[in-house]
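Observations on chain architecture
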Amino acid sequence: MDFHSFTFQAPKDWHQLRLDAYDSNAGIIVTKNNDSIYYDYGPYSNSLEQLSAPIITRKDMNELLKVNPDIDTTEFIIINANETQEDFIQSKVTYKKIDGYKAKILAPKQTGKGMTGIYIDSLKTGSLGKIRFNLYGTNLKKESQTELLKAIQTLRFTK
């Protein structure tokens, strides 16, 4: 697939939906399984951080409530002493060079639950600053996840 700023090899049954993005090359790719894969090549590309609610142990929560009994705790994730924040992150992150660029690659710990994709923080510098890139899908079916991870390995950027 050719997106002018970048290319990669993908299954022939994937098709592109272009978005009207003012300052980037952004769009959606639809797989044969009707999974959506998003891409954004530009200065404001999402870094694919796995955001989660504040995580706190039950003991620390009790201490916090003593100090501030009116605090809103509805968004907190309360964990046991033997759990860690890592237990709540759905995708594992690895770093690898893709087409000469340092890339963050995400793959779900459990198929179908989490983010699959790539993020590159700096491809070059443009008039709006660093040009970044992401290509990702969330909660993909197994076949789409496998195909996306394979496609990521073939990414090439226009120099």
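**Re the overall build of the protein**
For the protein, the helix and strand inventory stands at two helices and 11 strands. For the protein, the sequential pattern of α-helices and β-strands runs β-β-β-β-β-α-β-β-β-β-β-α-β. Scaling as 2.2 N^0.38, a compact globule of 159 residues should have a C-alpha radius of gyration of about 15 Å, whereas the protein reaches 19 Å, well beyond that. Counting only C-alpha atoms and orienting by the principal axes, one finds that the protein spans roughly 60 × 40 × 30 Å. The proportion of buried residues among the 159 residues of the protein is 36%.

**Observations regarding the environment of Thr94**
Along the chain, Thr94 falls in strand E7 (residues 91–98). Classification of Thr94 as partly exposed rests on a relative accessible area of 43%. Here the alpha-carbon distance between Thr94 and Lys159, two residues 65 residues apart in the chain, equals 25 Å. Not counting residues up to four positions away in its chain, the partners in contact with Thr94 are Ala103, Lys104 and Ile105.

**Side note on the environment of Leu106**
Relative to the helices and strands, Leu106 is located in strand E8 (residues 101–108). Judged by its relative accessible area of 0%, Leu106 is buried. Considering only alpha carbons, one finds Leu106 and Ser91, 15 residues apart in sequence, at a separation of 5.9 Å.

**With respect to the confidence of the model for the protein**
The predicted coordinates of low-pLDDT regions are not to be read in fine detail. Here the protein averages 90 in pLDDT, while 96% of its residues score no lower than 70. Averaged pLDDT values over the elements of the protein bottom out at 80 in strand E5 (residues 55–57) and peak at 98 in strand E11 (residues 156–157).

**Let's talk about the sheet that holds strand E10 (residues 129–138)**
Strand order across the open sheet formed by seven strands is E2-E3-E4-E10-E9-E8-E7, with antiparallel pairing between neighbours. The open sheet has two edge strands, strand E2 (15–18) and E7, and neither has a second partner. Adjacent strand axes in the sheet meet at a mean angle of 20 degrees, parallel and antiparallel pairs treated alike. In this structure, strand E9 (residues 115–126) lies alongside E10, joined through nine bridges in antiparallel fashion. Opposite Gly126, over in E10, you have Gly129 as the bridge partner.

The rules we used
Position labels on residues start from 1 in each chain and follow its written sequence. Reporting in this predicted model follows two pLDDT cut-offs: at least 70 for local features of residues, and 80 or more for side-chain atom pairs to be given and counted; totals over whole chains, interfaces and linings ignore these cut-offs and use all residues. In computing side-chain values, all of the structure's heavy atoms are included and hydrogens and water are not. The way it works is that DSSP assigns letters per residue, a run of H or I at least four long becomes a helix, a run of E at least two long becomes a strand, and they are numbered from the N terminus. We compute the radius of gyration over the C-alpha atoms and compare it with the globule rule, which gives 2.2 Å times the number of residues raised to the power 0.38. Between buried and exposed lies partly exposed: a residue is buried under 20% and exposed over 50% of the maximum accessible area for its type, with that area taken using a 1.4 Å probe on protein chains only. Should any heavy atoms of two residues lie within 4.5 Å, those residues are counted as being in contact. Per residue, pLDDT measures the predictor's confidence, with a range of 0 to 100. In this description, strands pair whenever DSSP reports at least two bridges between them. A fitted line through C-alpha atoms serves as each axis, taken over the contacting stretch for helices, and the angle formed by two N-to-C directions is quoted from 0 to 180°.

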